[in-house]
Amino acid sequence: MTENSTDSRPELPKDVRVRFCPSPTGTPHVGMVRTALFNWAEARHTHGTFVFRIEDTDNERDSEESYNQIIDALNWLHIDWDEGINVGGPDGPYRQSERGDIYRDVAKKLLDAGYAYESYSTAEEVEARNVAAGRPKAFGYDGYDRNLTDEQKAAFKAEGRKPALRIKMPDEDIAFDDLIRGRIEFKAGSVPDYVIVRPNGDPLYTLTNPVDDALMRINVVLRGEDLLSSTPRQVVLYRYLIKLGIAKEMPLFGHMPYVMGKGKKKLSKRDPESNLFLHREHGFIPEGLLNYLALLGWSIAPDRDVFSMDEMVEKFDIRDVKANPAHFDIDKAISINAEHIRMLEPQDFLNRSVPYLHRDGVVSADSWDKLTDRERRILTDSAPLVQPRVRLLGEVAGMAGSLLSEDEYIEPEDDARKTLKDSAPEVLDKAIAALSGVAETDWKTDNLHETLNKALVEDGGFKPRLAFGPVRVAMSGRRVSPPLFESMEIIGKPLTLARLKGLREHL
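Residues numbered from 1 in each chain as written. Predicted model: local features only at pLDDT ≥ 70, side-chain atom pairs only at ≥ 80, totals over all residues. Heavy atoms only, no water.

Q: Just to check I follow, could you spell out the sheet that holds strand β5 (residues 116–119) for this structure?
A: Within a sheet, each strand pairs with its neighbour through backbone hydrogen bonds, oriented either parallel or antiparallel. In spatial order, the strands read β5-β6-β9; together these 3 strands make up an open sheet with antiparallel pairing. Edge strands, defined here as strands with exactly one partner in the open sheet, are β5 and β9 (194–197). If you compare each strand with its neighbour and ignore which way they point, the axes differ by 45° on average. Taken together, the 4 bridges between β5 and strand β6 (residues 164–167) define a ladder with antiparallel strand orientation. The residue of β6 that forms the bridge with Ala-116 is Ile-167. Lying on the sheet, helix α3 (residues 100–112) is in contact with β5, β6 and β9; it crosses β5 at an angle near 95°. (Pairing = 2+ DSSP bridges. Helix = DSSP H or I, 4+ residues; strand = E, 2+ residues; numbered from the N terminus. Axes fitted to C-alpha atoms, helices over the stretch in contact; angles between N-to-C directions. Contact = heavy atoms within 4.5 Å.)

Structure follows, in structure tokens:
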């Protein structure tokens, strides 16, 4: 295979039709989502059509659980589609497991026209012939069955053999213009005749995928680089489908770059960074995660990383995607997610945070309207303190938990306890004495700051870090928390004093 200048990248058709066609074989991963995102963005940018179908002909690996997870993932990410699963359209059904008659009919037409042939060779026989001919054992299929006589076929059938169907690959170079990579050429003989139907009659991806694309009038195929080696097969099969009147035209192909993980290795489905739902569990929001995934091969501008999906749709062109591998950087992904969290309206931030707070045992219910009045009041007051400081919604409980808690003593986390110096008991005694004299009507952020600063820094002689550190630990149990004096106002005088005394007693 050779790749040439990207100057040969073709123009997109006026009526773009793209598709997303995952196999339900596991938990949705970021590479799958990136594929869906780029197809969706191209369809929306060009005012084209986005088709969503499921390729579920692998009975051993496909599962209904994975099928439901894929739909859940797209719905969570707000990636919508125009035709396909649960939407319908003119070319259904949209699950391959329900399209068996279609594939059998096309396979018969290919066989009858001489574009496909019966192949009786076993894998062991192919390997043995390669070794006998001095080729590597795993060289691949050698075309042995192309010209079997009727007598030979009858003999194989008499042995009880059932044939697979193979496509005849032409003895010529196969080339196409990739939307991302430019001109790509495969030399004659580099792609052997390949199986489209197993001996048991089950159709393979090599048949079902291009047949569905043809019948659903897909004219732009955007998929991962890992499928590039199968494209010459699809090009040839498409030629045959066009001759048979099954396909109207050859689609354009665009092969997106690999997503790489740590150690410059392709991101595996088994890598934690690949698991979409793990990112959701940690508290990524759709806007943040999609923004980052869009950067895996594409950019909206040289000096800009943060953008909305509306902005992406306005600017996206698959021909701007880079062919070089893209590296998944979890730290950058979290940073971009934090930017999108900060852009949320406060109430939207709270509504999205509540399920995580409930999961972590901080609030009484999993939706805003089911919370107690006290919980809603504290969360509303604390939103301006918490929202700018969290990067993931899963961090909200750690920040807001102490504000919502009614406990009079919060056990300090290990790193917070280490910040407590020998002076901490004296600091807490002085803080308790000073704050006890503040009237509840004066229990305001500025007054609390002024009172403690005078008692601990000006009169007490403590440096601010030593003065306010123990107070922060008493209030939150954490080394890092929402702003101290604002938190004390939210917590209120009785509970503030109780927590100061609680930590003092445990020192």
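Q: Whenever I open this one, the sheet that holds strand β3 (residues 49–52) confuses me. Can you help?
A: Spatially, the 3 strands line up as an open sheet ordered β2-β3-β4, and their pairing is parallel. The open sheet has two edge strands with one neighbour each: β2 (17–20) and β4 (83–84). Pairing analysis gives 4 bridges linking β2 to β3, with the strands arranged parallel. Note on β3: the bridge partner recorded for Phe-20 is Phe-52.

Q: Would you mind showing me how to read the layout of surface pockets here?
A: One water molecule sets the probe size; rolling that probe over the atoms shows where empty space is left. The space that makes up the largest pocket amounts to roughly 990 Å³. Lining the largest pocket are 38 residues, and of these Ser-23, His-29, Asp-226, Leu-227 and Lys-269 lie nearest its centre. Only β2, α1 (30–46), α6 (205–215) and β10 (220–224) provide two or more residues apiece to the lining of the largest pocket. When residues of the lining of the largest pocket are assigned to their parent elements, the largest contribution, 5 residues, is made by α1. Tallied by class, the residues present in the lining of the largest pocket amount to 15 nonpolar, 11 polar and 12 charged. (1 Å grid on protein atoms, 1.4 Å probe; cavity = no way out; pocket = protein on both sides within 12 Å on 5 of 7 lines; lining within 4 Å. Points joined across faces, edges and corners; volume = space filled by probe spheres on them. Nonpolar A, V, L, I, M, F, W, Y, C, P; charged D, E, K, R; others polar.)

Q: Help me understand helix α16 (residues 424–436) in this model?
A: Since the α-helix packs 3.6 residues into each turn, any two residues three or four apart lie on the same face. Compared with the 18 Å implied by 1.5 Å per residue over 13 residues, the 18 Å span of α16 between its first and last C-alpha is a close match. At its buried positions, α16 is contacted by α17 (445–458), α18 (464–476), α19 (484–491) and α20 (493–505). (Expected span 1.5 Å × (residues − 1).)

Q: Before we go on, may I ask you to explain the packing of α17 against α18 in this structure?
A: The relative placement of two packed helices is expressed as an angle between their axes plus a distance between the axes. For the pair α17 and α18, interaxial distance at closest approach is 9 Å and the crossing angle is 125°. It follows from the interaxial angle that α17 and α18 lie oblique. You can see that α17 and α18 cross each other, and the crossing is right-handed. For the pair α17 and α18, contact is made by Leu-452, Asn-453, Leu-456 and Val-457 and by Pro-464, Ala-467, Phe-468 and Val-471, respectively. (Parallel < 35°, antiparallel > 145°, perpendicular 65-115°, else oblique. Left-handed = near helix turned anticlockwise from the far one by under 90°.)

Q: What am I meant to see in the packing of aromatic side chains here?
A: A complete count under the given rule lists 10 aromatic pairs for this structure. Measuring from ring centre to ring centre gives 5.8 Å for Phe-20 and Phe-52, while their planes differ by 25°; the resulting arrangement is stacked. Here the residue Phe-20 occupies a position in strand β2, and Phe-52 occupies one in strand β3, the gap between them amounting to 32 residues. On the basis of relative accessible area, Phe-52 is assigned to the buried category, the value being 0%. By the ring-pair criterion, three or more aromatic residues cluster together here, those being Phe-38, Trp-298, Phe-307 and Phe-316. Positioned above the aromatic ring of Tyr-144, the side-chain terminus of Arg-129 is 4.0 Å from the ring centre. Positioned above the aromatic ring of Tyr-141, the side-chain terminus of Arg-166 is 3.6 Å from the ring centre. (Phe/Tyr/Trp six-rings, centres within 6.5 Å; stacked < 30°, edge-to-face > 60°. Buried < 20%, exposed > 50% of the residue type's maximum accessible area, 1.4 Å probe, protein only. Lys NZ or Arg CZ within 6 Å of the ring centre and 35° of its normal.)

Q: What is the right way to read helix α7 (residues 231–243) from this model?
A: The end-to-end C-alpha separation of α7 is 18 Å, in line with the 18 Å expected for 13 residues at 1.5 Å each. Of all the positions in α7, only Thr-231, Pro-232, Gln-234, Val-235, Val-236, Leu-237, Tyr-238, Tyr-240 and Leu-241 are classed as buried. Among the residues trailing α7, Gly-245 stands out with phi positive, at a value near 80°.

Q: So what exactly am I meant to see when it comes to a negative patch on the surface here?
A: Together, Asp-446, Glu-450, Glu-458 and Glu-489 line one region of the surface with negative charge. In terms of residue count, α17 provides more of the negative patch than any other element does, 3 residues in total. Assignment of secondary structure puts Asp-446 in helix α17. A residue is classified by how much of its surface remains accessible, and Asp-446, at 64% relative accessible area, is exposed. (Patch = residues over 30% accessible without salt bridge, like charges linked within 9 Å, V, L, I, M, F, W, Y side chains within 5 Å. Areas by Shrake-Rupley, 256 points an atom, 1.4 Å probe, with all protein chains shown as cover. Salt bridge = Lys/Arg side-chain N within 4 Å of Asp/Glu carboxyl O. Lys, Arg positive; Asp, Glu negative; His and termini not counted. Charge placed at Lys NZ, Arg CZ, Asp CG, Glu CD.)

Q: What is the right way to read the side chain of His-29 from this model?
A: For His-29, the location among the structural elements is in the loop between β2 and α1. The exposure class assigned to His-29 is buried, which follows from its relative accessible area of 17%. Those residues in contact with His-29 that sit more than four places away from it in its chain are Lys-269, Ser-274 and Leu-276.

Q: Hey, could you run me through the pattern of salt bridges in this one?
A: Close approach of charged atoms allows side chains with opposite charge to pair. Under the definition given, this model contains 45 salt bridges. A salt bridge links Arg-53 to Asp-213; the nearest nitrogen and oxygen atoms lie 2.8 Å apart. One end of the pair, Arg-53, is in the loop between β3 and α2 (64–77); the other, Asp-213, is in helix α6, and 160 residues separate them in sequence. We note that Arg-53, like Asp-213, is buried. One salt bridge in this structure joins Arg-239 and Glu-172, with 3.1 Å as the shortest N-O distance. Taken together, the positions of Arg-239 in helix α7 and Glu-172 in the loop between β6 and β7 (174–178) put the pair 67 residues apart, joining distant regions of the chain. Arg-239 sits in the partly exposed class, given a relative accessible area of 28%. Look at the salt bridges and you will find they share partners, linking Arg-19, Arg-53, Glu-55, Arg-99, Asp-212 and Asp-213 into a network.

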